[in-house]
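Notes for the structure review
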Amino acid sequence: MRTAHPNTGGLMRALRIAPDTAVREIDLPEPSAQSAIRDHIGTTGTVDQAVYHPQALLHIHGDGRVIGLAQNITAWALASTWRGIALYPIHGPVVVTGRAEDGGVAALDDDLAQQAHTVAQTVRETLAEWRSRPPASNEAALSELLAYAARDVGPSQ
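Keep in mind it's a predicted model, so treat the numbers as computed, not measured.

Another aspect to go through is the overall build of the protein chain. The helix and strand inventory of the protein chain stands at four helices and six strands. Listing every helix and strand of the protein chain by position from the N terminus yields β-β-α-β-β-α-β-β-α-α. The C-alpha radius of gyration of the protein chain comes to 15 Å, within 12% of the 15 Å expected for a compact globule of 157 residues. If you line up the protein chain on its principal axes, its C-alpha atoms span 50 × 35 × 25 Å. Counting the 157 residues in the protein chain, one finds 44% classified as buried.

At their nearest, the axes of helix α2 (residues 73-83) and helix α4 (residues 138-153) sit 9 Å apart, and the two run at 65 degrees to each other. Read as a crossing pair, α2 and α4 show a hand that is right-handed. Of the residues in α4, those touching α2 at Ile 73, Trp 76, Ala 77, Ser 80, Thr 81 and Trp 82 are Leu 142, Leu 145, Leu 146, Ala 149, Ala 150 and Val 153. Considering only residue class, the contact of α2 with α4 consists of ten nonpolar, two polar and no charged.

Examined against the element boundaries, Arg 16 turns out to sit in strand β1 (residues 11-17). Here Arg 16 sits buried without a salt bridge, and the closest side chain of opposite charge, Asp 20, lies 6.5 Å off (N-O distance). Of note is the side chain of Arg 16, whose polar atom sits 2.8 Å from the backbone oxygen of His 40. Apart from the residues within four sequence positions on either side, Arg 16 is in contact with Ala 22, Val 23, Arg 24, Ile 26, His 40, Pro 93, Val 94 and Val 95.

Attention now goes to helix α1 (residues 33-41). Those residues of α1 that fall on the buried side of the exposure criterion are Ala 33, Ala 36, Ile 37, His 40 and Ile 41. Along the axis of α1, the buried residues cluster in a sector spanning 135 degrees; they form a single face. Where α1 is buried, its residues touch β1, β2 (23-29), β3 (47-53), β4 (56-61), β5 (94-99) and β6 (105-106).

Cut-offs used in this document
- Residues numbered from 1 in each chain as written.
- Predicted model: local features only at pLDDT ≥ 70, side-chain atom pairs only at ≥ 80, totals over all residues.
- Heavy atoms only, no water.
- Helix = DSSP H or I, 4+ residues; strand = E, 2+ residues; numbered from the N terminus.
- Rg over C-alpha atoms; globule rule 2.2 N^0.38 Å.
- Buried < 20%, exposed > 50% of the residue type's maximum accessible area, 1.4 Å probe, protein only.
- Axes fitted to C-alpha atoms, helices over the stretch in contact; angles between N-to-C directions.
- Left-handed = near helix turned anticlockwise from the far one by under 90°.
- Contact = heavy atoms within 4.5 Å.
- Nonpolar A, V, L, I, M, F, W, Y, C, P; charged D, E, K, R; others polar.
- Lys, Arg positive; Asp, Glu negative; His and termini not counted.
- Salt bridge = Lys/Arg side-chain N within 4 Å of Asp/Glu carboxyl O.
- Polar contact = N/O pair within 3.5 Å; in protein donor to acceptor, adjacent residues only side chain to side chain.
- Arc of directions from axis to C-beta.

The values reported here are purely geometric and, on their own, carry no functional implication.
Quick look at the structure:
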């Protein structure tokens, strides 16, 4: 597990997951990580911090649903898989960081970053497939997507 990029002068690895399924690596400055997270999520207001995996934190726009931000299916699938149950919808961009022993923000480790990238790819492929083969129902769609995400995350969680 890595705690910071080598030679980056106090930057922590994180991921930004957009509602359009794009996942991009970002570096957060250690002394002002919370401010940088707000910028990446696009808010000056509340950022909800949630633990869905013991070694990761998801930082979610506190008012995303209320202000009408798009659902983030990739972040939802990842969080639901890590938690082991289908969760409530997540709206807007999400930042995924590691979680320090004291519960604070830390660098995201390689395995969890890879899981996020893999789940995002699966979500993109599944959404594309659904254009030609729509699921029978919303419940069937959620179940199918969670089954694929669970396969992607595997026993390493």
